[in-house]
Amino acid sequence: MSRPNTAGVVAPPPLIYLGGLAAGFALDAALPSPELPGAVAVPLGGALVATGVALAGSFAAAFRRAGTPVDPYQTTTSIVTTGPYKLTRNPAYVAMASAYVGIALLARKPWALATLVPTVALIDRGVIAREERYLTRRFGDDYRAYKARVRRWL
């Protein structure tokens, strides 16, 4: 869905992550596998969900402070380089991946973990690559300089 002066991402990123998680749960229902051990999966899963939620809140707050929309289908008004954006160019996607793994662990469904790989590949190619091309067109050298000093993931 490409709109003028937007990144033209393939789908809203939260829906991509939810779709991947749903596919993993469906695979687990169709191809049962041993449950992950609860003594490890549950506390780790809870910590990862909490981390994802906290990081998502931090990313959203950084966007609000910068006065630029979170919605990838709206025009970006500035490059966000504060808060979690000092450490990663994609804290929202790191947050969603963390919550995704946490949910899969809490549910103790290994297939849901397996579907994270194609989900992140789709995020990388269908969202991040498009956003980075858009931001480079929109902000030029300022965005190139930011890319040079901050990693894409972690």
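Engineer: Explain the confidence of the model for the protein to me, please; I cannot follow it from the model alone.
Structural biologist: Detailed reading of the predicted model is not advised wherever pLDDT is low. Of the residues in the protein, 97% reach a pLDDT of 70 or more, and the chain-wide mean stands at 95. Averaged pLDDT values for the elements of the protein fall to 94 in helix H4 (residues 110-114) and rise to 98 in helix H6 (residues 141-149).

Engineer: Teacher, can you tell me more about the pattern of salt bridges here?
Structural biologist: For the structure on display, the rule yields seven salt bridges. Between Lys109 and Asp28 there is a salt bridge, with its nearest N and O atoms 3.5 Å apart. In this pair, Lys109 is assigned in the loop between helix H3 (91-107) and H4 and Asp28 in helix H1 (residues 13-30), connecting sequence segments 81 residues apart. The salt bridge partner of Glu35 is Arg108, with a shortest N-O separation of 3.1 Å. Residue Glu35 is found in the loop between H1 and helix H2 (38-66), and its partner Arg108 is found in the loop between H3 and H4; the two are separated by 73 residues along the sequence. Judged by its relative accessible area of 26%, Arg108 falls in the partly exposed class.

Engineer: I tried to follow the nonpolar core on my own but got confused; where do I start?
Structural biologist: A general feature of soluble globular proteins is that nonpolar side chains tend to end up buried together. One finds Tyr17, Phe59, Tyr85, Tyr93, Ile123 and Val127 to be the most contacted residues of the largest nonpolar core, which totals 32 residues. Counting residues per element, the ones that place at least two in this core are H1, H2, H3, helix H5 (116-139) and H6. Filtering out sequence-adjacent residues up to four positions away, Tyr93 remains in contact with Pro13, Tyr17, Ile123, Val127, Ile128, Glu131 and Trp153.

Engineer: For this particular structure, what's the right way to read the packing of aromatic side chains?
Structural biologist: Here the distance between the centres and the angle between the planes together describe a pair of aromatic rings. Here the structure, examined in full by the defined rule, presents five aromatic pairs. Taking 6.5 Å as the distance between ring centres and 50° as the angle between the ring planes, the aromatic pair formed by Phe59 and Tyr85 counts as tilted. Of the two residues, Phe59 sits in helix H2 while Tyr85 sits in the loop between H2 and H3, which places them 26 residues apart along the sequence. Relative accessible area serves as the criterion here: at 7%, Tyr85 is assigned to the buried category. With 5.7 Å between their ring centres and 50° between their planes, Phe63 and Tyr85 make a pair best called tilted. One end of the pair, Phe63, is in helix H2; the other, Tyr85, is in the loop between H2 and H3, and 22 residues separate them in sequence. For Phe63, a relative accessible area of 13% corresponds to the buried category.

What counts as what
- Residues numbered from 1 in each chain as written.
- Predicted model: local features only at pLDDT ≥ 70, side-chain atom pairs only at ≥ 80, totals over all residues.
- Heavy atoms only, no water.
- pLDDT = per-residue confidence, 0-100.
- Helix = DSSP H or I, 4+ residues; strand = E, 2+ residues; numbered from the N terminus.
- Salt bridge = Lys/Arg side-chain N within 4 Å of Asp/Glu carboxyl O.
- Buried < 20%, exposed > 50% of the residue type's maximum accessible area, 1.4 Å probe, protein only.
- Core = buried A, V, L, I, M, F, W, Y, C linked by side-chain atoms within 4.5 Å.
- Contact = heavy atoms within 4.5 Å.
- Phe/Tyr/Trp six-rings, centres within 6.5 Å; stacked < 30°, edge-to-face > 60°.

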